[in-house]
Amino acid sequence: MSSSPDESAFVRACRGLDVPHTPVWFMRQAGRSLPEYRKIREGVGMLESCRRPELVTEITLQPVRRHGVDAAILFSDIVVPLAAAGVDLDIVAGTGPVVAQPVRTADAVDRLRVITADDVDFVARAVRLLVAELGDTPLIGFAGAPFTLASYLIEGGPSRTYARTKAMMYGDPELWHRLLSRLAEITLNFLRVQVSNGASAVQLFDSWAGALSEADYRRYVLPHSTAVLSGLAGAGVPRIHFGVGTAMLLGAMGEAGADVVGVDWRTPLDRAVAAVDGRAVQGNLDPAALFAPWPVVAQETQRVLAEGRAARGHVFNLGHGVLPDTDPDVLTRLVELVHRDSETGAAAGVVSSGAHTRHPGGRGGA
Ligand code: CP3
């Protein structure tokens, strides 16, 4: 139907333009929920697999083939650019990123090198291979936002309280801002590599920003995430900004320079729309709801679609990543349901007046 990724339902919805159906993709759509993923990853470490362009291409394509989602997301990880910057880290299955020597001093911050395109050449190659394979299907590039990256570097791994992260933030604001501006540079360079090699959109994951109050987010984080997103303003691709537990931060996350604000399952999309000042929204079915019987999944999906109609643009997604034990057939069925239930008259062959056929309760056209 579309003739280029730029004309796809996904990119159009990100821009708040009319679409033939609500586009859908899933955070963590590539990964352990897929048997073909588990098979191809056998004996290959996570970071190592991110550095093999052919493997990255295959893993990225797996959910596109299987589920018929409207977008691919590059198979990589938020810590890949940190490893490329010389940080000694590993991604431990079942745990997440673990940093050998946590970054807690000025010396450690100064040792963080800002990466160049050469440091992540394998990413550029994977993106080019993917764009050639994907045809009209858009590829989403991504990176971790400065706060979420800083939390892994300072804590040394995942954290419940972010106590050490906040200790630096409150206790040594100067060092904190030095660290976050360095991370913003790394992130921006990493995203530029993906966009300049053909990614059609980017998502900035500030997964753990919900640990902060709005006031602290605005003071300690927003300037740095803004540096990343505004650095891509001229790139011509939609920018999605996502975090978990961010009900109080949605407005600020939009202000950072997002075209689309990702919403977790705690905030109904129609309420999120009111917070994001006319920006498109992405979300937000609870990933755990996929373990309920199908009629419940269908009902929840329809609720999310209905709430999403309040937005100028809605990209359907889960409220966070696919859980590893998810039945992949439920995901496939979910994609079909989203497409069918959101299909507009124009796409179904009905002659329309050219007006928006979806978002009847929306904030008006472009
Ligand atoms: O399909 C996709 O969404 C693209 C792939 C992707 C991965 N990581 C692959 C991955 C993306 C977008 C990420 C981003 C990422 N990584 C985030 C932001 C998204 C979010 O979940 O909020 C974060 C916080 C990380 C850090 C990280 N890496 C975690 C928490 C984990 C999970 C640890 C575990 O095993 O449960 C990882 C590892 C990881 N990244 C896996 C995958 C497929 C699992 C590793 C494996 O399969 O062996």
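Residues numbered from 1 in each chain as written. Predicted model: local features only at pLDDT ≥ 70, side-chain atom pairs only at ≥ 80, totals over all residues. Heavy atoms only, no water.

1. Quick notes on empty space enclosed by the protein
One water molecule sets the probe size; rolling that probe over the atoms shows where empty space is left.
Logical step 1: Using the criterion set out here, one finds two cavities of 30 Å³ or more in the structure.
Logical step 2: Counted as a void, the largest cavity has a volume near 40 Å³.
Logical step 3: Around the largest cavity sit Pro 5, Val 131, Leu 134, Gly 135, Thr 137, Pro 138, Leu 139, Gly 198 and Ser 200, which together line it.
Logical step 4: Empty space within the second largest cavity amounts to approximately 30 Å³.
Logical step 5: As for the second largest cavity, its lining consists of Cys 50, Val 56, Leu 74, Phe 75, Ser 76, Phe 122, Val 123 and Ala 126.
Logical step 6: Here the residues of the lining of the second largest cavity are counted per class, giving seven nonpolar, one polar and no charged. (1 Å grid on protein atoms, 1.4 Å probe; cavity = no way out; pocket = protein on both sides within 12 Å on 5 of 7 lines; lining within 4 Å. Points joined across faces, edges and corners; volume = space filled by probe spheres on them. Nonpolar A, V, L, I, M, F, W, Y, C, P; charged D, E, K, R; others polar.)

2. Points about helix α10 (residues 173-196)
The periodicity of an α-helix, 3.6 residues per turn, causes residues three or four positions apart to be oriented the same way.
Logical step 1: Over its 24 residues, α10 runs 34 Å from end to end, which matches the ideal 34 Å to within 8%, given 1.5 Å per residue.
Logical step 2: A positive backbone phi angle near 125° is found at Gly 198, which sits one or two residues after α10. (Helix = DSSP H or I, 4+ residues; strand = E, 2+ residues; numbered from the N terminus. Expected span 1.5 Å × (residues − 1).)

3. Let's talk about the environment of Asp 90
Logical step 1: Position of Asp 90 among the secondary structure elements: in strand β2 (residues 89-92).
Logical step 2: Given a relative accessible area of 42%, Asp 90 falls into the partly exposed group.
Logical step 3: When the C-alpha atoms of Asp 90 and Ala 100 are compared, they prove to be 8.0 Å apart, with ten residues separating the residues in sequence.
Logical step 4: For Asp 90, the contacting residues outside a window of four places in its chain are Leu 47, Gly 96, Pro 97 and Val 98. (Buried < 20%, exposed > 50% of the residue type's maximum accessible area, 1.4 Å probe, protein only. Contact = heavy atoms within 4.5 Å.)

4. Some thoughts on unusual backbone geometry
Logical step 1: In the segment running from Gly 283 into Asn 284, the intervening peptide bond is cis, with an omega of -10°.
Logical step 2: You can see Asn 284 is positioned in strand β8 (residues 280-285).
Logical step 3: Although it is not a glycine, Arg 28 sits at a positive phi angle of roughly 60°.
Logical step 4: Examined against the element boundaries, Arg 28 turns out to sit in the loop between α1 (9-14) and α2 (35-40).

5. Considering the environment of Gly 245
Logical step 1: Along the polypeptide, Gly 245 turns up in the loop between β6 (239-242) and α12 (250-255).
Logical step 2: Distance from Gly 245 to Trp 265, taken between C-alpha atoms, is 8.6 Å for residues 20 residues apart in sequence.
Logical step 3: Apart from residues lying up to four places away in sequence, Gly 245 is in contact with Gly 210, Asp 264 and Arg 266.

6. Concerning the packing of aromatic side chains
What describes a pair of aromatic rings is the distance from one ring centre to the other and the angle between the planes of the rings.
Logical step 1: Enumeration according to the criterion identifies six aromatic pairs in this entry.
Logical step 2: Judged by centre distance (6.4 Å) and plane angle (45°), the rings of Phe 147 and Tyr 162 are tilted. Of this pair, Phe 147 sits in helix α8 (residues 146-155) while Tyr 162 sits in the loop between α8 and α9 (163-171), and the two are 15 residues apart along the sequence.
Logical step 3: Classification of Tyr 162 by relative accessible area gives buried; the value is 9%.
Logical step 4: Geometrically, the ring pair formed by Tyr 170 and Tyr 220 is edge-to-face, given 6.0 Å between the ring centres and 90° between the ring planes. Placement of Tyr 170 in helix α9 and of Tyr 220 in helix α11 (residues 214-231) is noted, with a sequence separation of 50 residues between them.
Logical step 5: For Tyr 170, a relative accessible area of 46% translates into the label partly exposed.
Logical step 6: Take Tyr 220: its relative accessible area is 5%, and that puts it in the buried class. (Phe/Tyr/Trp six-rings, centres within 6.5 Å; stacked < 30°, edge-to-face > 60°.)

7. Here we look at the packing of α9 against α10
Logical step 1: With their axes 5 Å apart at the nearest point, α9 and α10 run at an angle of 115° to one another. In terms of their interaxial angle, α9 and α10 are classed as roughly perpendicular. Taking contact as the criterion, the partners of Thr 165, Met 168, Met 169, Tyr 170 and Gly 171 in α9 are, on α10, Pro 173, Leu 175, Trp 176 and Leu 179. (Axes fitted to C-alpha atoms, helices over the stretch in contact; angles between N-to-C directions. Parallel < 35°, antiparallel > 145°, perpendicular 65-115°, else oblique.)

8. Some words on the pattern of salt bridges
Logical step 1: Inspection of the entire model under this criterion finds 15 salt bridges.
Logical step 2: A salt bridge links Arg 303 to Glu 307; the shortest N-O distance between them is 3.0 Å. With Arg 303 and Glu 307 both in helix α14 (residues 294-308) and four residues apart, the pair spans about one turn of that helix.
Logical step 3: In this structure Arg 303 comes out as partly exposed when scored by relative accessible area, which is 34%.
Logical step 4: Linked by salt bridges that have partners in common, Glu 7, Arg 12 and Asp 18 make up one network. (Salt bridge = Lys/Arg side-chain N within 4 Å of Asp/Glu carboxyl O.)

9. Some points on the pairing of strand β5 (residues 201-205)
Logical step 1: Burial of β5 is extensive: five of the five residues sit out of reach of the surface.
Logical step 2: Covered by surrounding structure in β5 are Ala 201, Gln 203 and Phe 205 together with Val 202 and Leu 204, the residues of both alternating faces.
Logical step 3: Alignment of strand β4 (residues 139-144) against β5, held across five bridges, turns out to be parallel. Residue pairing for β5: Ile 140 is matched across the bridge by Ala 201.
Logical step 4: As paired strands, β5 and β6 are joined by four bridges and run parallel to one another. (Pairing = 2+ DSSP bridges.)

10. Some remarks on the pairing of β2
Logical step 1: The side-chain alternation of β2 yields one buried face, formed by Leu 89 and Ile 91, and one unburied face, formed by Asp 90 and Val 92.
Logical step 2: Between β2 and strand β3 (residues 96-99), which pair antiparallel in sequence order, lie three residues; one of them, Gly 94, sits at a positive phi of approximately 85°.

11. Digging into the confidence of the model for the protein chain
Logical step 1: Residues at a pLDDT of 70 or more form 93% of the protein chain, whose mean pLDDT is 94.
Logical step 2: Low confidence marks residues 346-366, where pLDDT is under 50. Its contacts with residues over four positions away, or in another chain, come to 32 contacts. (pLDDT = per-residue confidence, 0-100.)

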